[in-house]
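# Close look at the chain arrangement
So the chains spell out like this:
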Amino acid sequence: MRRYHQPAEVVLDENGEPTKFTAWGRTYAVAEQAGSYWEELLPWWQNEHADKTVEELTIRHFRVRANGPQCSAVVELVQRNGDWFVEGVED
């Protein structure tokens, strides 16, 4: 998997799951979930995170199969403090 930290705009369905996203100036449709959804917490005990809420500390991961203009790939989308990123792409 190639690793990125590319900002993305993500559209969610009524269940809070991604249905499409835009990154690198292109829009991709989510065809299916390609793995489990999971969450992790930033280390709340470290001083840099002392003032943050649980929501601010939560990182959400989605692995999806996405179809783009030229190909499809498995993509790891990450939501962190309200911002979305493409963290990885596996062709």
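Analysis parameters
- Residues numbered from 1 in each chain as written.
- Predicted model: local features only at pLDDT ≥ 70, side-chain atom pairs only at ≥ 80, totals over all residues.
- Heavy atoms only, no water.
- Helix = DSSP H or I, 4+ residues; strand = E, 2+ residues; numbered from the N terminus.
- Buried < 20%, exposed > 50% of the residue type's maximum accessible area, 1.4 Å probe, protein only.
- Contact = heavy atoms within 4.5 Å.
- Areas by Shrake-Rupley, 256 points an atom, 1.4 Å probe, with all protein chains shown as cover.
- Lys, Arg positive; Asp, Glu negative; His and termini not counted.
- Charge placed at Lys NZ, Arg CZ, Asp CG, Glu CD.
- Salt bridge = Lys/Arg side-chain N within 4 Å of Asp/Glu carboxyl O.

### Topic: the overall build of the protein chain
The number of helices and strands found in the protein chain is one helix and seven strands. Each helix (α) and strand (β) of the protein chain, taken in turn from the N terminus, gives the series β-β-β-β-α-β-β-β. Every one of the 91 residues in the protein chain was classed for burial, and the buried ones make up 34%. Taking the intrachain contacts of the protein chain between residues at least 6 apart in sequence as the baseline, contacts between residues at least 24 apart amount to 43%. Within the structure as shown, the protein chain displays about 5900 Å² of accessible surface, and the carbon and sulfur contribution to it stands at 45%. Distance from the positive charge centre (9 side chains) to the negative charge centre (16 side chains) of the protein chain: 7 Å.

### A short note on the pattern of salt bridges
Counted according to the given criterion, the structure contains five salt bridges. Among the salt bridges present, the one from Arg60 reaches Glu39, with a minimum N-O distance of 3.4 Å. A residue pair is termed long-range when its members are at least 10 positions apart, and Arg60 in strand S5 (residues 58–67) and Glu39 in strand S4 (residues 38–41) qualify at 21 residues. Taking the relative accessible area as the measure of exposure, Glu39 reaches 45% and is therefore partly exposed. Salt bridges sharing common partners tie together Glu39, Glu55 and Arg60.

### A look at the side chain of Gln79
Within the fold, Gln79 resides in strand S6 (residues 72–80). Contact partners of Gln79, with chain neighbours within four places excluded, come to Thr58, Ile59, Arg60 and Trp84.

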